[in-house]
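If you want the building blocks of each chain, they are given just below.
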Amino acid sequence: MRFRIPSIKSFSGNIILTVFIALALFSYGVFLLTKQVKTNLTEQYTKCLVVKTSWIQSTIFKKLESAILVSDIPGENNNSHLSNAIGLCHFEISDNQIQITKDDTHFHSSPEKLKVINYFLNNTPIINNRVYYSLKEFEHFYYFVAFKNSKDSADKITGTMAISQASVDSVLLYLIDQNLSIIQSAIVIPDTILFSSGSSTCLENEISCASLSNKTQHFFNCKDKRKLFWVRASLANEIQLILVFKSIRIYSNPILYLISSFILLLLGIVLFPVIERRKYQHQIGEINEVIEHISQKEFNNLLSEEYPGKLGTLTRSLNKMSSQLKEMYHDLEIRVIRRTSEISMRNAELRKKQREILQQNQELKSAYEALKESQEKYEQLIEHLEDEYFFYSIAHSGILLFVSPSVKKILGYEVKEYRNIHDQIYTDNPMNKNALECEENLKLGIAQPKFFKEVYDNKRDEKFLEVSEVPIFNDDGQLVSIEGLAHDITERQKAEELIKEQEEKYRMLFTHASDFIFLYKINRENNKVGNFIEANRYTLNKLGYTLEELREMNPLNLLSNEMDSEEENQVNEMAINDSKFERIWESKDGQPINVEISAHALTIKDKEVAIAVARDITARKKAEEEIRFVNEELVNQKENLESLVDNLTETQEQLVQSEKMAALGQLIAGIAHEINTPLGAIKASIGNMLDSLNTALNELPDLFQKQSIEDLSLFNIIFENAQQSSKVELSSREKRQKRRELSSVFNEQQIPDAELVADALVYLEIYDASNDLILNLKKTDALKVVRSARNFISIKKNTNTINLAVEKATKVVFALKKYAHRDAMGEKVSTDITDSIETVLTLYQNQLKQGIEIVRNYGKLPLIQCYQDEISQVWTNLIQNAIQAMNLEGILTITTKQKGDTIEVSFKDNGPGVEPDIRDKIFEPFYTTKKQGEGSGLGLDIVKKIIEKHNGAIELESKMGEGANFIIILPLGIEQK
Amino acid sequence: MDRKVILCIDDEAIILESLREQLEKYFGDEYLYETAESAEEAFEIIDDLEDEGKDMAIIVCDWLMPGMKGDQFLLRIDLKYPRVVKVLLTGQAKQDSVDTLEELADQFTLLPKPWNKEDLINIIKTGLKENE
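Worth saying up front: this structure is predicted, and the values here are computed from it rather than measured.

Cut-offs used in this document
- Residues numbered from 1 in each chain as written.
- Chains lettered and ligands numbered in written order.
- Predicted model: local features only at pLDDT ≥ 70, side-chain atom pairs only at ≥ 80, totals over all residues.
- Heavy atoms only, no water.
- Helix = DSSP H or I, 4+ residues; strand = E, 2+ residues; numbered from the N terminus.
- Buried < 20%, exposed > 50% of the residue type's maximum accessible area, 1.4 Å probe, protein only.
- Contact = heavy atoms within 4.5 Å.
- Areas by Shrake-Rupley, 256 points an atom, 1.4 Å probe, with all protein chains shown as cover.
- Buried area = accessible area lost by both parts, 1.4 Å probe.
- Salt bridge = Lys/Arg side-chain N within 4 Å of Asp/Glu carboxyl O.
- Polar contact = N/O pair within 3.5 Å; in protein donor to acceptor, adjacent residues only side chain to side chain.
- Pairing = 2+ DSSP bridges.
- Axes fitted to C-alpha atoms, helices over the stretch in contact; angles between N-to-C directions.
- pLDDT = per-residue confidence, 0-100.
- Parallel < 35°, antiparallel > 145°, perpendicular 65-115°, else oblique.
- Left-handed = near helix turned anticlockwise from the far one by under 90°.
- Nonpolar A, V, L, I, M, F, W, Y, C, P; charged D, E, K, R; others polar.
- Phe/Tyr/Trp six-rings, centres within 6.5 Å; stacked < 30°, edge-to-face > 60°.
- Lys NZ or Arg CZ within 6 Å of the ring centre and 35° of its normal.
- Core = buried A, V, L, I, M, F, W, Y, C linked by side-chain atoms within 4.5 Å.
- Patch = residues over 30% accessible without salt bridge, like charges linked within 9 Å, V, L, I, M, F, W, Y side chains within 5 Å.
- Lys, Arg positive; Asp, Glu negative; His and termini not counted.
- Charge placed at Lys NZ, Arg CZ, Asp CG, Glu CD.
- Expected span 1.5 Å × (residues − 1).
- Arc of directions from axis to C-beta.

Here we take up the overall build of chain A. When you go through chain A residue by residue, the secondary structure sums to 23 helices and 29 strands. In chain A, which comprises 977 residues, the share counted as buried stands at 37%. Considering only intrachain contacts with a sequence separation of at least 6, the fraction spanning at least 24 residues in chain A is 58%. Approximately 59200 Å² of chain A is accessible, and the part contributed by carbon and sulfur atoms is 54%.

Facing the 41 residues of chain A at the interface are 39 residues of chain B. Of the roughly 3200 Å² buried between chain A and chain B, counting both surfaces, carbon and sulfur atoms make up 43%. Contact with chain B buries surface across chain A, with A:Ser732, A:Arg736 and A:Lys849 losing the most and accounting together for 17% of the total. The interface formed by chain A and chain B includes 15 salt bridges. The interface formed by chain A and chain B holds 21 residue pairs in polar contact (both at pLDDT 80 or more) in total. Mapped onto the side of chain A that touches chain B, the elements with two or more residues apiece are α14 (618-705), α16 (732-748), α17 (754-763), α19 (782-820) and α21 (845-849) of chain A. If you tally residues by element for the side of chain A that touches chain B, the top one is α14(A), at 15 residues.

A word on the sheet that holds strand β24 (residues 852-858) of chain A. Residue and element names in this part refer to chain A. Strand order in this open sheet of five strands is β24-β26-β27-β29-β28, and the pairing throughout is mixed. Because the sheet does not close on itself, it has two edges, and the strands there are β24 and β28 (953-959). On average, adjacent strands in this sheet sit at an angle of 15° to one another, irrespective of strand direction. Across seven bridges, strand β27 (residues 902-908) lies against strand β29 (residues 963-971) in antiparallel orientation. For glutamate 904, the partnering residue across the bridge sits in β29 and is isoleucine 969. Sitting on the sheet, helix α20 (residues 833-843) is in contact with β24, β26 (890-899), β27 and β29, with an inclination near 175° to β24.

Glancing now at the confidence of the model for chain B. Looking at chain B, the pLDDT average stands at 86 and 97% of residues meet or exceed 70. Scored by ipTM, the complex comes to 0.90, with pTM at 0.44.

Below, the discussion takes up unusual backbone geometry. In this structure, B:Pro114 follows B:Lys113 across a cis peptide bond, with omega equal to -15°. Among the secondary structure elements, B:Pro114 is positioned in the loop between β5 (108-112) and α5 (117-131). In the Ramachandran plot, A:Asp606 falls in the positive-phi region, its phi being about 70° despite a non-glycine side chain. Its place among the elements puts A:Asp606 in the loop between β21 (592-604) and β22 (607-616). Given the relative accessible area of 75%, A:Asp606 is considered exposed.

This part is about the packing of helix α15 (residues 709-723) of chain A against helix α18 (residues 771-779) of chain A. Residue and element names in this part refer to chain A. For the pair α15 and α18, the least separation of the axes is 9 Å and the interaxial angle reads 140°. Classified by the angle their axes make, α15 and α18 are oblique. Two packed elements cross with a definite hand, and for α15 against α18 that hand is left-handed. The residues of α18 that touch α15, namely those facing Glu710, Ser713, Leu714 and Ile717, are Asp772, Leu773, Asn776, Leu777 and Lys779. Grouping the constituent residues of the contact of α15 with α18 by class yields four nonpolar, two polar and three charged.

We now examine the pattern of salt bridges. Two side chains bearing opposite charge may form a pair once their charged atoms approach each other closely. Under the criterion given, the structure shown has 45 salt bridges over all chains. Here A:Asp515 and A:Arg615 are joined by a salt bridge, their closest N and O atoms 2.6 Å apart. Placement of A:Asp515 in the loop between α10 (490-512) and β18 (516-523) and of A:Arg615 in strand β22 is noted, with a sequence separation of 100 residues between them. A:Arg615 sits in the partly exposed class, given a relative accessible area of 48%. Residues B:Glu50 and B:Lys80 are paired through a salt bridge, measuring 3.0 Å at the closest nitrogen-oxygen approach. Of this pair, B:Glu50 sits in helix α2 (residues 39-52) while B:Lys80 sits in helix α3 (residues 70-80), and the two are 30 residues apart along the sequence.

Residue and element names in this part refer to chain B. Read from one edge of the open sheet, five strands run β2-β1-β3-β4-β5, paired in parallel fashion. A strand with exactly one partner marks an edge of an open sheet, and here the two such strands are β2 (31-36) and β5. Between one strand and the next, the sheet's axes are offset by a mean angle of 15°, whatever the strand orientation. Across five bridges, the pairing between strand β4 (residues 85-90) and β5 is parallel. By the bridge assignment for β5, lysine 86 is matched with phenylalanine 108.

As for its position among the elements, A:Ser906 is in strand β27. If near-sequence neighbours (up to four positions away) are discounted, A:Ser906 is found in contact with A:Thr893, A:Ile894, A:Thr895, A:Asn965, A:Phe966 and A:Ile967.

This next bit is on the packing of aromatic side chains. All names here are of chain A. Across all of its chains, the model carries 18 aromatic pairs over all chains by this definition. Their ring planes at 80° and their centres at 5.6 Å tell us that phenylalanine 390 and tyrosine 418 sit as a pair that is edge-to-face. On the criterion of sequence distance, the pair formed by phenylalanine 390 in strand β13 (residues 389-395) and tyrosine 418 in helix α8 (residues 415-421) is long-range, its members being 28 residues apart. Comparing phenylalanine 390 with tyrosine 418, the two get one shared label, buried. Each ring, one from phenylalanine 518 and one from phenylalanine 532, has its centre 5.1 Å from the other, and the planes form 65°; the classification is edge-to-face. Here phenylalanine 532 lies in strand β19 (residues 528-535) and phenylalanine 518 lies in strand β18, a separation of 14 residues in the sequence. Across the pair, phenylalanine 532 and phenylalanine 518 agree in class, each one buried. The lysine or arginine in question, lysine 949, covers the ring of tyrosine 867, its NZ or CZ lying 4.5 Å from the ring centre.

Right, let's get into the nonpolar core. Residue and element names in this part refer to chain A. Within the largest apolar cluster, 50 residues are counted, with the highest numbers of intra-cluster contacts made by Ile833, Trp875, Ile879, Leu892, Phe907, Phe966 and Ile968. Residue contributions to this core peak at seven residues, all from helix α22 (residues 868-885). In this structure phenylalanine 966 touches Leu878, Val905, Ser906, Phe907, Ile922, Phe923, Leu940, Ile954, Glu955 and Leu956, once residues within four positions along its chain are discounted.

Turning our eyes to something else, we now look at a negative patch on the surface. Residues and elements named next belong to chain A. Together, Glu369, Glu373, Glu376, Glu379, Glu383 and Asp387 make up a negatively charged patch on the protein surface. In this structure, glutamate 383 sits in helix α6 (residues 309-388). The exposure class of glutamate 383 is partly exposed, given its relative accessible area of 46%.

As a further point, take α2(B). Under the 1.5 Å per step criterion, the end-to-end length of α2(B) is 20 Å for 14 residues, consistent within 8% with the ideal 20 Å. When α2(B) is considered as a whole, its buried residues turn out to be B:Ala39, B:Glu41, B:Ala42, B:Ile45, B:Ile46 and B:Leu49. Mapping the buried residues of α2(B) onto a view down its axis gives an arc of 150°, with all of them on the same face. For α2(B), the secondary structure elements touched by its buried residues are α16 of chain A together with β1 (4-9), β2, β3 (56-62) and α3 of chain B. Looking one or two places after α2(B), you find B:Gly53, whose phi comes out positive at around 75°.

On the surface, a nonpolar cluster with roughly 590 Å² of combined accessible area is contributed by A:Ile255, A:Ile259, A:Ile263, A:Leu267, A:Leu271, A:Phe272 and A:Ile275. Along the chain, the position of A:Ile263 falls in helix α5 (residues 254-295).

The next point concerns the packing of α2(B) against α3(B). All names here are of chain B. Packing of α2 against α3 leaves a shortest axis separation of 11 Å and a crossing angle of 20°. Classified by the angle between their axes, α2 and α3 sit roughly parallel to one another. Judged by the sense of rotation from one axis to the other, the crossing of α2 with α3 is right-handed. Residue-level contacts link Ala39, Ala42, Phe43, Ile46 and Glu50 of α2 to Phe73, Arg76, Ile77 and Lys80 of α3. Tallied by class, residues from the contact of α2 with α3 come to six nonpolar, no polar and three charged.

So, about the confidence of the model for chain A. All names here are of chain A. Looking at chain A as a whole, its pLDDT mean stands at 75, while 73% of the residues score no less than 70. Low pLDDT (under 50) marks residues 188-241, which in the prediction has 170 contacts with non-local residues, meaning those over four places away or in another chain. Across residues 243-251, where pLDDT falls below 50, the model places 39 contacts with residues more than four positions away in sequence or in other chains.

The structure is reproduced here in structure tokens:
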């Protein structure tokens, strides 16, 4: 431990004082600062000198004390303006009262403003016809006031006042000349200048208080005795500027105070402690030494007694103390040793005792635990018992002497409560009658077995009790009390009732089910079904056996059919295990019953049995049979229908064929005619030829004999002409014309029998009468000659006719052959469409001749793969229809053309046309517009089918009254592309 | 010349020519012979003949012709010239038109094609005899 250098606290007195002073100085300094006392006059001054006469710039100005100046009226006639203006008002003073007469609404009016105005009005001296500026303070603000008033005759003074709030930086400026006359004055508020105009009288009172000189600084007093000073500066034009400032007192300088306060603080905190410290340092050093000695416990090195004064005293006493202490220490040591040995002996004894106690503890602990266990058991037992048992004691009189508290648990009654009501809580259960009887008997001393009671508990629920009561006798044989034990068997009772209920249910089920339910024995060892054990009523009824009879049988006996051993095994297997199967039983009276059996094996009291439920499915089986039968019938019907459909299809094909034949039949007449005509011609021609030959033969001798040259030359001409067989055949009309011409020529030429000759010549195909001819004719017996020649020519001509006729006939036959030709193979053949159309037209020639004109517009068509036969039929049907539509008179236009990869063939008639609503119908099979029997109606249907077979299309255009145009489009086929 | 005219009408040239020759061979110069290929032409010829003052004796006509059919034509002829021997020579004819003709017309006979020369001649002869 050491003494520390005294802290600041020890010099507290001095320090506090110093600090206090410092603070005081500091605060004053701050105060002055806030008063914004500014420094550096000279600086200001120099700045102000910069100002010029023309306008004044504000820099830092001092706050003005009031100065009064006299000048002219401001405001209205120069460009001064008041910012921070409070007001410009007109007032009048009468009876020493100032009243504002006019308040200039330029400025904002407010209560404060009015206050200010009133104040100034009341506190400003009245100087007639003067304007002066004043800087006044009112309620901590400075205001510039410009004031002018005048007195009128009636002693009423009126005036104008302008008040403006001065900011702290505003100042009054004067421009004065040498004579101290003010040229101009101004109030400078920052950014604002209030000017007065022109000349004015000199500063009165105040300025004359001071004597202006050329000194730069001057002090003069003002009304309020605070010091102002002004600076006079010379500027150009001999105009001098006076700036009035507030003075600065050195001792108002806040900085001074601030600094001094700091210094003092410093002194106080730093310097004083240091000085003091020095003083005590030596003394403290010595003390420290002493302490060190003491701390090292070196009592032997006693402290020197050299220390002066108080310190020496201290050390001496310390020394004494230390020697005393040493002695004491020794004593103590001895004592301690003694004590210690005593204590250790004691300790040993105590330890021994402790061990014994521990042992005892253990024994006690285990005994305790055993006790605890049995106690728990007992408690549990009692609890358990308490839940179920309560015992009681009833006196002979019937009063309850005692009841165990567990009655509360069982019946819910408090002990006291139970005492009162113990014989009043019986329910209506008839069993209670017996209970009461027993109790009576007990009262008589007769022992009773256990009996039952049903009572209400405190919640009015029924509780069922098994009661055991015993009469207690005293030594004299008198009944003292009846001891009773009641066991709550409500739950048991309920359970028993439930079981009974369920049993009842199952019994009902078993008895009344309308299925076979039965039990039978099974023997697993040899996989055999045993006899019936039980069967329900339904089984007995349905089967016709009694239960006794059944008990002699096993279920297999019921089966209606015989089984071989294997089957029997199977059935046994099923009947023994869980299975479901169908069988046919026979009832006692031989009725077959189809059943579906569901068997289930189980063990009841070590006996293996099976329970089976079988359902009579006779009805179901029957239904199944019926369904099967119906199904078969349906299948048959279906087959029938199918064959019917086949038939119909065949029939339809036959119809198509017959249609074709019918069409053909129609043509036959025409065709026959077409053949007859050539035949007729042939016949006639042959006849003619024979005649001609005969005649020629007869005339031959004559011919050989007398032939003149002229005759011969005539013959020559005739025969020459005849050789040229490529002449155009003239029509009969033309021939007649020629005959007439020749006849008239011959008549002119006076040739005899001119007409007959002409006629003959025309026959000989000589149509022009050349001169040569005429000459010859004249010279000869013309008629005879020409007629002779005619015989020969006749043969030629008739032969020609025969040829033509044969050609015609052939054509027709060929066409017919082509038409009727059947494509036996049904293959597509390369066909010329134009040719096929022509073939059909040939066949229809006869019909067409009757008044139908054929217009052919055939384009160039390539060969096309098609079923030739069927295509012919298409043309046939369409041409037939057209002919019929036009009623054998009209124009049929047939157009063929190739369009891209199709061929288009159109048949246009000018019949009545096809009505719009039947345009699709006409392609339907069996649809016809003809009368019954006149057409099968299959024509267009066949056409459509054939076209579709060729992957083509058929279109119909028709305008009513103008005819119908059937357009067939056939694809060329891939090879043709 | 009081020769009367035999008029043959058929649209088939081969028939017309051979028919005319046939008749001419038989009847020779007894008659004049005219041919027409249609009923219209026949009418023209008949008009000409009238102009020329010639009479018709026999008309042999086909039924199936373009324009007016043979039966109609013969009916017309019958109206104007009932005494002309009319033979309808045809491969086919509608039955009802034939019946009409038979009913109404005098001197009318139907002769189917192909015909026998003899039959034709006989019919004509018979017809002519009737006229006498």
